[in-house]
Structure formats: structure tokens, C-alpha cells
Amino acid sequence: MKMLPQCAGEENWVDTRTVYIGHKEPPSGSEAYIPQKYPDNRIVSSKYTFWNFVPKNLFEQFRRVANFYFLIIFLVQLIIDTPTSPITSGLPLFFVITVTAIKQGYEDWLRHKADNAINQCPVNVVEGGEVVRKQSRKLRVGDVVLMKEDETFPCDLILLSTSREEGTCFVTTASLDGESSHKTYYAVQDTKAFTTEEDFDTLLASIECEQPQPDLYKFVGRINIYSDRNEPIARPLGSENLLLRGATLKNTQHIYAVAIYTGMETKMALNYQSKSQKRSAVEKSMNAYLVVYLCILISKALINTVLKYVWQADPDRDEPFYNQKTDTERQRHILIRAFTDFLAFMVLFNYIIPVSMYVTVEMQKFLGSYFIMWDDEMFDEELGERAQVNTSDLNEELGQVEYVFTDKTGTLTENNMEFIECCVDGHVYVPQAICNGQVLPGAMSMDMIDSSPGPGGKETEELFFRALCLCHTVQVKEEETVDGIKMGLHQGKSTSFYISSSPDEVALVEGMKRLGFTYLRLKDSHMELLNREDEVERFELLEVLTFDSVRRRMSVIVRSSGGELYLFCKGADSSIFPRVISGKVAQVKARVEHNAVEGLRTLCVAYRKLSVDQYEETCHLLNSAKLALQDRDKKLSEAYDLIEKDFILLGATAVEDRLQDKAADTIESLHKAGMKVWVLTGDKMETAAATCYASKLFRRSTQILELTTKRTEEQSLHEVLFDLSRTVLRQHGTMTRDTFSGLSTDCVDYGLIIDGATLSAVLKPSQEDSSQGNYKEIFLEICRNCSAVLCCRMAPLQKAQIVKLIKASPEHPITLAIGDGANDVSMILEAHVGIGIMGKEGRQAARNSDYAIPKFKHLKKMLLVHGHYYYIRISELVQYFFYKNVAFIFPQFLYQFFCGFSQQPLYDTAYLTLYNISFTSLPILLFSLIEQHINMDILKKDPSLYRDIAKNSLLRWPIFIYWTFLGVFDAVVFFFGAYFLFYNTTFTSNGQMFGNWTFGTLVFTVLVFTVTLKLALDTHYWTWINHFVIWGSLLFFVIFSLLWGGIIWPFLNYQRMYYVFMQMLSSGPAWLSIILLIVTSLLPDVVKKVVSRALWPTTTERIQNADKLYNGQLSEFTPLASLHAPTRRAADPQNAVPRRSEPLSKKTMFTHWRGGNDYCTFTPLLRFADNSRHLGAGYAYNGAGPETSV
């Protein structure tokens, strides 16, 4: 799979481009004017053009093995004299190719339509001092564009000036990354005074910037402005000056900007890159079976060719004279004759390879995906969103998941932050309600320090509150003036609200408001806040050192009205504490750790006073880093590193991110279904661990193993890994490669916590010592024996590495990744199935995923119900297709032994052509769309049923061989049954004898009825549609046969089927033999099913039996646990009801029944559970041996 084009730490230097604003040459002598050629602003998302559609589409379709194979067969039929007409394979192939081409052509036409709408959109361009309207596709790099409010940017632009005095504009980037919050962008300082078209006519400037690259959040450039002086003024350009195509202008009347990337070079277009094609396990099985059938086909043709020449070796049996063979044909070399015969047999038997299976599977996947979209239980009222399917190719993979990798923030939690408390110098403040217009801080003090803050304490406290009011990038969306806000506060309600790209920041600023310090606005680069005395304080904002995920902190430099310079910094404790030189570190640290264990998100706040000299030095450092075109990020982070140091610690804050509704229930269900859940998060260890306990990923009894930087500092990584693997393997003994659930008989439940830094060390291949090269294996071994793993402090790329590592492990498990933010995209693309959550962090994850769901709780139904059904349906579909084609073609093979291997077809051409297309295709398609072998409620209530289908269990070789043998058996019954019943040639009522076409038609009639009834016997869920389609198909066959044989068709050059079908039906023995043969061929399968259900029922079959007994009301009152297969060792009656906190000591696990407080001890249905007397309502939670009874 393709990783995201450039990952952290691998930026390669890309060459630059120079853009001349307004296409004006720079003053002579300043630099060489080299106009470069750039693409126009056309967007092309379509795949085909009018001219290349046919060849390109055909080429793509014939790359599929099955299609190519049928094309070859069709050509062979055209070239040599074959027993069947070329129409028989040409027609189905033509049908398949046409249907697929129409579908793809229609999809592409829609893309063309969308492209044209975008490309012809009008845009205002400034040319020669006036505004001209142009079509969007005619924009060129260097054009100055005028954009108005609520317009969408037509290409990537650098902001030159805006209608706002301070030179800012607000933009929403919802269509790019889904973030609906308003982001602030800044005009170039030296051009923000240009406000009219005439002004821009006088502007002489050039922009140097990097060549286009897909990272939305990265841009490096500089603008050179030529004034009257010789030396141009250079100013840095960063992502805060770059307006991206697809974003929308908000809250700003108009802006002027210059186009720098157009058309397919815009960042939005570069992010279109198609995802790598994912293929499901079922498709791989299908291809393996296809190869087997191809081998069967070739061997059949070979056997027949050899036998033909053995038969003709006897001179009496050589071609008789009346076959009119010419001498030239007789003189041909025997090898050439043998080869053409071999090809003719290949053509005769080629129907064993089902071409229509591919069409049916495609239709099943495409139509089946609508059931996910239509599911009302997966509709979210709050978001007004349904589940979406972006890739229908992976439906059945949802039923095969073994590992679930989930993000924490926004996926398990709501990403809805609430300010809980702050701690200043050891004093804890909890915001209270506003009482009579006065904000009362609830000062609960800690024991370490005297409860009343001293005289210096008050100052520190106010400095802390100010720091939080100033150190952020929050915007205020006002509805009234400042007085209105004052008024609002006094009436106990505010009339402004905050918007920010990070929910944490909004929570902190709102928390400060509740503690008496209100942030008002940013105006003319001054930040205003209202203190407790209702006085407005103004601070000049000088620099913002933006947050990034590597530093994990952000800072601002402000000047107070008294002229003092402050550097305020807030960030993760791990990135602030090492940079602090004074302050009450011990108390704050203790409080931070206490809050983290409670599952709160903590941030630390620190400050440093700057002298004027220090500030100037700081400015110089930042400016030289910002102007760099090469490695700008690296230079900036070095500069930040030098500036953010020697802090005085002020305090810390705690914000709560609540768990999503039913997140814990979902994780518990996934565990019971035998999936291993890993949480991959960027959060710190304590917070993440607390969330894991809350969401039942770790139980109280789980023994936690740590593989963290803290431990590897004390011991070497080598020792830590071997310690852990000893601990885990000693418990698990010999059962390391545990079946599937990771829970063995008497084992402790282990949970592993690992952090990003240690993970890098584990995955890094070490050069110097080859013995350490197997860290990966040891790490995998430990992970596979833990029931849950938490990875914290992860970079986005590391999330993908973890998924890749598990995918490549020896068992090749099926993985699923679920996340809601842009940082989860690489993990979603890497996993077998990627699920995006339509969250607060934007829609990027949902757009790049295979499926998108509104909330984490919907994952339960998605996997346990939809995934289960899809897998059951498609596995039946694949097996049934192979079965019905063996039953169809094997009689043809047997017939050759009775016709001197002369390649005589047994069935008529029409039957050969229509068998797969119309006689037997609809019932199986419908079955594969609506079959429900078990009631939906039961699947949800009893997750362990999911284990029944794990590891592609329904498409294993034994089952495949059983279906193939069933097909062969049925074929033998049809052929020899008909052969022996009519051995003494039967006469019809008018004395005519049965001929070879009647014989073939008889076999074909029995065949169609048998395979259709076989499907009817396999159907558990009957609706009127099933009845209509199954009986309708049989009726259609009869009507077609009567019509086909009842009329002399003028366009046919033979009339061999004329009256054959009616004649067959007019004979009593034919009716009798049809009924007899159908019963005989269906009998063994029915007997096998009845016997195995009675003696060795699977859990699924027990539940089906019980459901029938209760007329489909099973889900309402039966204890499901009693229907599980009895455990091999009955649980000890004394401890039959263990407490929740106990580990899974016995092979039983008890389930809550209908939300009761106690564990139920229903008397089980003795009929279904032999040993269940001892079990109460126990879940047979077998993890250990290979022959698990569940």
C-alpha cells in the first residue's frame, strides 16, 4: 500500500517555483525573468475520455483472469470447429463486459459532469487595473483574484489583502479536512494596504515557493516586493498565508489573493490520489478455487483427448467415410489434430468455470452495501448522518475481523471537552456556578500547602488566569458589542461564543470565564480580556509559536499595557517540566498525576519574563527561520527550542473528555466475539490507561505489563522485553500460539502498555548486533498473548506501522482500524478494513475510509450483525456457484464415454447459454442479499457467535471439497439415473423413441430443479420475494422450454429441439424419473444435515433449533448461554457464579441477562445442553485447544 506521500521526518527538498504577481516582470537587473509553464486550472477527476473509453475499459476488464479466460475460449470457438456455438460463451461474456462497462461509464459520466460544473464556475480576476470575469479553468498561476464572502477558492492562493483593517480573513475548510471551525489567515504585511484594483496594477513582486506537495498543513515560501529601492523586501510565507482550493471565505467581505498552484497541482487535487485496492479474504479463496477448477477442466480435456485417440486406434472405429473428412484433414499431423481436439474438449467443458459468478458477486456486494446505509439503528439523530459505504468490495471482511485498532480521542471519547479544575501553585480551583453575577472560585486547597494563598499567591493566580486567556488561538464570534458581553455576564449569560480548531482550547478559555477572566477578542493585534474587577486589559500580541505534535506545546509573546514582555507557554507535562527552572513543581506534578489517573486531560502552564534585548534576539531567531525556504520546519523547531526555556511554572489544568455512549459495551462485545482490541493514541499514558479502564478494555483483574520509556531507562530494552515475554509465556505455558481468543484455560488476563518512543526502538533494525534483530518477534509474541494493548504517545505514522506489523505476523490476521481524525488516516489506509467516524476532528478519516459510521457504538452492529450476515451469504454464494457448475458439466463429461469422445454436446445451445444467466442466477443472488440464518437480535445479544465464522471457516478446503463432491454425486445420479431408467428405450405414447436431445433435456430438467431446490433447502429466512424468485425461476425454465421447442424459429439453421420438451412431458415414465432423480440427488445432503445437527450441532445450529421451537421469539426470553455447546470440563458447581473482577479461571464466563443485577441462573433448556446442569447459564468461553467447541 502507498503510505502518505511524505511522512514526518522524511521531507525531501523539492525545488522551488517563482511566481510573478500579475505576470509583471521584475525591475531590470534585479533577477532574471524566466516565465515557467504551469498547468491550467482544469480539474480532472474522471478516468476516461470519450475517445479512450472503449479500449481503456476493455483493457481493464480483460485484466481479470476469468474474463480473459472466457475471451480465449470464445476466440478458440471462432477459429476451430468446436462442438458448441461461439454464442454460448460469447453471449455471457458480452453480457458481463457490457453491464460492467455501463456501470463504470455512468460513474465516470457523473465525474465529468461534476468536473465541468467546477471548471466553468466564474471567477473575478484583476487585469490591467479592472476586474474581469473568467471561467475557473482559464485561471493561470500569477493571476490576482478578487474573492467575496461565502465564495469557494478556485485554486491555491496567497492572501495579499482583505477588507478587514488588521489584514486577516476567516475561512472554513470543511470540504478539505471537514473542520467546520473558522480558521484565521493573514495577509502579507506589505501588501495589506492595497485595497483597490488600481493599487494591484502598481504592485511589483515575485513569490518563491516550493513545488506543489500534498500536505495540507505545510507551505514554505517567501515574497519579494520591489519598491523604489534596489533591494527587494523579503517576507516569509507560511501555511497561515495560503488559502487552499475548496475552502470557503467567511466573515470577511472580500479579499485579494494571487494564484500560485492551479488545477491538478492544487493541494486538494494532490490529495485525490486513489487508495490502493484492498482485496478481501473471500476473493482470495475464490481465486484459489478457480485455479483448482481450471486444473480439473484441463485434466478432463486431457483424459478425453487421450481416450479419443485410444478409441480411434481400432481401424473399425476410425472416422467412417460418411463423416466426409477430406484427405488434407486426414494427412494433418497427429499432434495438430490432438491439439485441436484438446481445445474442442476445453470449449465443451468450459462452463465449469463460472463467469457469471463474478457478476453475481459484484452485484451482491454493490446491492448489499445499501443495507448498511439504510440501517436505521446506525442513524445518528444528533449529526443527522447515516453510515456510509465507500468501498463495497470488503463487506464480507467485516465478518472476519480479528484485531481492532482504535483511536481514543473522538473515537472512544466524545472529543467534547469540559473544564474540570486548575491547580495554581498547589491550590486547586474548581469553577462554580455564577451566583448573583459574581463568579465564585471554589478554592479547595491541597494539604501540602497553607490553604490561604499568600500575598504573592494572588499575583501568581492572576498571572495563571491571564496566561490561559492569552495563550491560545481561539476566535470570538460576537453577537453584540463589548458592552453587550459585559451585560451578558452580569445577567448570567454570555452573548458571544468561542470557536477554535481544538476543543481543548475552547474548554480552557470557557473555564477561565467561569473563574472570572473573560477573553473578549483580538483587535488590531491586541488581545483584550475582562478581569474580575470588570476592567478591560489589553495585551499586544507579538508572536505566536504555534502548537505542533512533536513539541506538544504552544507559546505566545505578549506586551502588557505597562510595557512588560511575557512569554506564556502551555503544553503537555512531559514537554513543560524539563524546561522549568522554578515554581512549585512537586505539588503541581502530584496533582497532574492524580488527574491523569482519573482520566482527565492535563496541560501545564508556565511563563518567562523577557527583557527587550532577549525579545529582539527572539525576533531575529524566528525571522531568519521563517524566511528559510529549505528545511523551514527544522529551523523553526530549533528556534522554538532556544526560545522556550527557563520557565517559571504557574500551574496545571484538567479537562475531561467523556466516553462515548455505549463505548464500553461495544468493546466488551468485541472481546466476547474473540477480537483483540488495541487502543492507539497520542495521549499520555495515565490518561489513556484511565480511559481504557473506563471503557472495559482493561478489567480490574487485568495484569498490566509496561513497556515504556520509564522502564527502559532503568533496564535495557533487551532485558525488559525478555522479562515480559517470560512473564507471559510462563503463564501460557505451551499455549503461546493460542487459538484465536488469546484467553487460555487458567491464565491471567494480561494488558500491555507501550509508548511511541519504545515502539520506535523495538521496530528499529539494529545494525551492530544481529542477536537483537528479533525484538519484533518477541514483541509480537508478547502482544499476541495479551488480551488488550494500549499504545500511547503515538505519531500518526507509528499507528500505521503497528497495523502493518500485526498484518505481517505469521497468522496474517484480518485487521480493522477505526478513527475520526486526519491523524488516523494512515492507519485506516493500512488496515484490511478502515472505518472512519464522522467526528468533530473533521471528515478526513471518514473520506479515506472504506466505511464511515456516526459513532463508535455502531461498530458493534456493523461487525456482529452486518459482517456476520455478509460473510455467511457470500460464502454460500461462492460454494453454490461451483457446486451448480460441477453438477452442470460433469454429465457432459460422462456423456463422452457413450458417444465415442466425439465432442457431442449433451445439452442444447440455448440451455448451455442460459443456465448460468437466467435459470439459476436470480435465486442465489437474492439468497445472498437477504438470507438471515439467525435472528438479528440474537447475533447482537450473543457476540460469541461471531467466532463460528472466524478465520474464513466457511470457505475452508474440506467444505469446498464437500460441495464439489456433492456436485459430482448429483451429476452421476442425473446421468446414470436417466441412462438406466431409459436403458430399454422407452416409447412415448405415440410410439416414438427417446433420442439424444430428449435424454439431454431430461438430464437438464432434473439438474435445474435439483440445484434450485438445494438452495431452497439451505434458506432459513423465507419472505415472499424468496418464494417468488425460486418458484418463478423454475416456472420460467418450463415456459421457456415449451416456447423454445414449440415453435420453428426462422433464424436457426437447425430445429433439433422442435417438440422435444413436449414429447418428453407426454411420457409418464419421464415424469416419474424426474421426480425420482430429484429426490435421490437431494437425499444425501439432507440426511447428512439431519444427522450432524442431531449428533454434533454447532452453536449456530442449536440456536436455530431453539428459535424454531419458540417460533422466532427466542430472542425475547431464552437464556442464550444455555444453548452454547457444553464445555469439555464441567465447571465446579460451588463457584458457578464468579464475581466480575475474577479472571476467567474456568472455561465459563457468565453473562448479564436483560440488565438484571445478579447473574442469572435460569434452569437451562436441558434438551439443548447436555452438561448444562452444572453450568447455570454459563458461556462456554473456550479459548484454548484447537478443537474449540464454540
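Residues numbered from 1 in each chain as written. Predicted model: local features only at pLDDT ≥ 70, side-chain atom pairs only at ≥ 80, totals over all residues. Heavy atoms only, no water.

### A closer look at the overall build of the protein chain
- Within the protein chain one finds 38 helices and 37 strands.
- The burial tally for the protein chain puts 54% of its 1190 residues in the buried class.
- Looking at the protein chain alone, contacts between residues at least 24 apart form 73% of all its contacts between residues at least 6 apart.
- When the accessible area of the protein chain is evaluated, it comes to approximately 52000 Å², of which 57% is carbon and sulfur surface. (Helix = DSSP H or I, 4+ residues; strand = E, 2+ residues; numbered from the N terminus. Buried < 20%, exposed > 50% of the residue type's maximum accessible area, 1.4 Å probe, protein only. Contact = heavy atoms within 4.5 Å. Areas by Shrake-Rupley, 256 points an atom, 1.4 Å probe, with all protein chains shown as cover.)

### So, the side chain of S206
- Inspection of the secondary structure puts S206 in strand 8 (residues 205–210).
- On the accessibility criterion, S206 (1% relative accessible area) is buried.
- At 3.3 Å, the side chain of S206 and the side chain of Y226 are in polar contact. (Polar contact = N/O pair within 3.5 Å; in protein donor to acceptor, adjacent residues only side chain to side chain.)

### A few points about helix 3 (residues 87–119)
- The end-to-end C-alpha distance of helix 3, which contains 33 residues, comes to 45 Å, matching closely the 48 Å that a straight helix rising 1.5 Å per residue would cover.
- Within helix 3, the full set of buried residues consists of T88, S89, G90, P92, L93, V96, I97, A101, D108, D115 and N119.
- Along its buried surface, helix 3 packs onto helix 1 (53–61), helix 2 (65–79), strand 3 (130–135), helix 10 (355–374) and helix 28 (909–919). (Expected span 1.5 Å × (residues − 1).)

### Points about a nonpolar patch on the surface
- Judged by side-chain polarity, I1075, V1079, L1083, V1087, V1091, L1095 and W1096 come together as a nonpolar surface patch covering roughly 700 Å² of accessible area.
- Taking relative accessible area as the criterion, I1075 reaches 51% and is therefore assigned exposed. (Patch = residues over 30% accessible without salt bridge, like charges linked within 9 Å, V, L, I, M, F, W, Y side chains within 5 Å. Salt bridge = Lys/Arg side-chain N within 4 Å of Asp/Glu carboxyl O.)

### Here's the deal with the packing of helix 7 (residues 281–313) against helix 27 (residues 858–896)
- Remark: helix 7 packs on helix 27, axes separated minimally by 12 Å, with the N-to-C direction vectors making an angle of 5 degrees. As far as their axial angle goes, helix 27 and helix 7 are roughly parallel. Where helix 7 approaches helix 27, its residues V282, M286, Y289, L290, Y293, K300 and N304 are matched on the opposing element by Y871, I874, V878, Q879, F882, V886, I889, F890, F893 and Q896.
- Here the residues of the contact of helix 7 with helix 27 sort into 13 nonpolar, three polar and one charged. (Axes fitted to C-alpha atoms, helices over the stretch in contact; angles between N-to-C directions. Parallel < 35°, antiparallel > 145°, perpendicular 65-115°, else oblique. Nonpolar A, V, L, I, M, F, W, Y, C, P; charged D, E, K, R; others polar.)

### Digging into the sheet that holds strand 1 (residues 16–20)
- Strand order in the open sheet formed by four strands is 1-8-9-10, with antiparallel pairing between adjacent strands. For this open sheet the edge positions go to strand 1 and strand 10 (233–237), each flanked by a neighbour on one side alone. Recorded for the sheet is a direction-independent mean angle of 20 degrees between the axes of neighbouring strands.
- Here five bridges tie strand 8 to strand 9 (residues 221–225), and the two strands are oriented antiparallel to one another. Bridge pairing in strand 9 places A205 opposite I225. (Pairing = 2+ DSSP bridges.)

### Section: the confidence of the model for the protein chain
- Within the protein chain, residue pLDDT values average 82, and 82% of them lie at 70 or more.
- Predicted confidence is poor over residues 1–14, with pLDDT under 50, and the contacts of this stretch with residues over four places away or in other chains come to 22 contacts.
- Counted against residues more than four places away or in other chains, residues 433–452, with its pLDDT under 50, gives 38 contacts. (pLDDT = per-residue confidence, 0-100.)

### Thoughts on the packing of aromatic side chains
- Tallied over the entire structure, the rule returns 65 aromatic pairs.
- Taking the centre distance of 5.6 Å and the plane angle of 55 degrees together, the rings of Y293 and F960 count as tilted. Taken together, the positions of Y293 in helix 7 and F960 in helix 31 (residues 957–981) put the pair 667 residues apart, joining distant regions of the chain.
- Given the relative accessible area of 3%, F960 is considered buried.
- Taking the centre distance of 5.5 Å and the plane angle of 85 degrees together, the rings of F893 and F897 count as edge-to-face.
- If you follow K884 out to its NZ or CZ, it ends over the ring of Y915, 5.2 Å from the centre. (Phe/Tyr/Trp six-rings, centres within 6.5 Å; stacked < 30°, edge-to-face > 60°. Lys NZ or Arg CZ within 6 Å of the ring centre and 35° of its normal.)

### A word on the pattern of salt bridges
- Applying the stated rule across the entire model yields 53 salt bridges.
- Between D150 and K250 there is a salt bridge whose closest N-O contact spans 3.1 Å. With a gap of 100 residues between them, D150 in the loop between strand 4 (144–148) and strand 5 (156–162) and K250 in strand 12 (residues 248–250) connect regions that are remote in the sequence.
- In this structure, K940 engages E377 in a salt bridge whose closest nitrogen and oxygen atoms are separated by 2.6 Å. Linking K940 in helix 30 (residues 936–941) with E377 in the loop between helix 10 and strand 14 (388–389), this pair joins segments that are 563 residues apart in sequence.
- With a relative accessible area of 45%, E377 lands in the partly exposed category.

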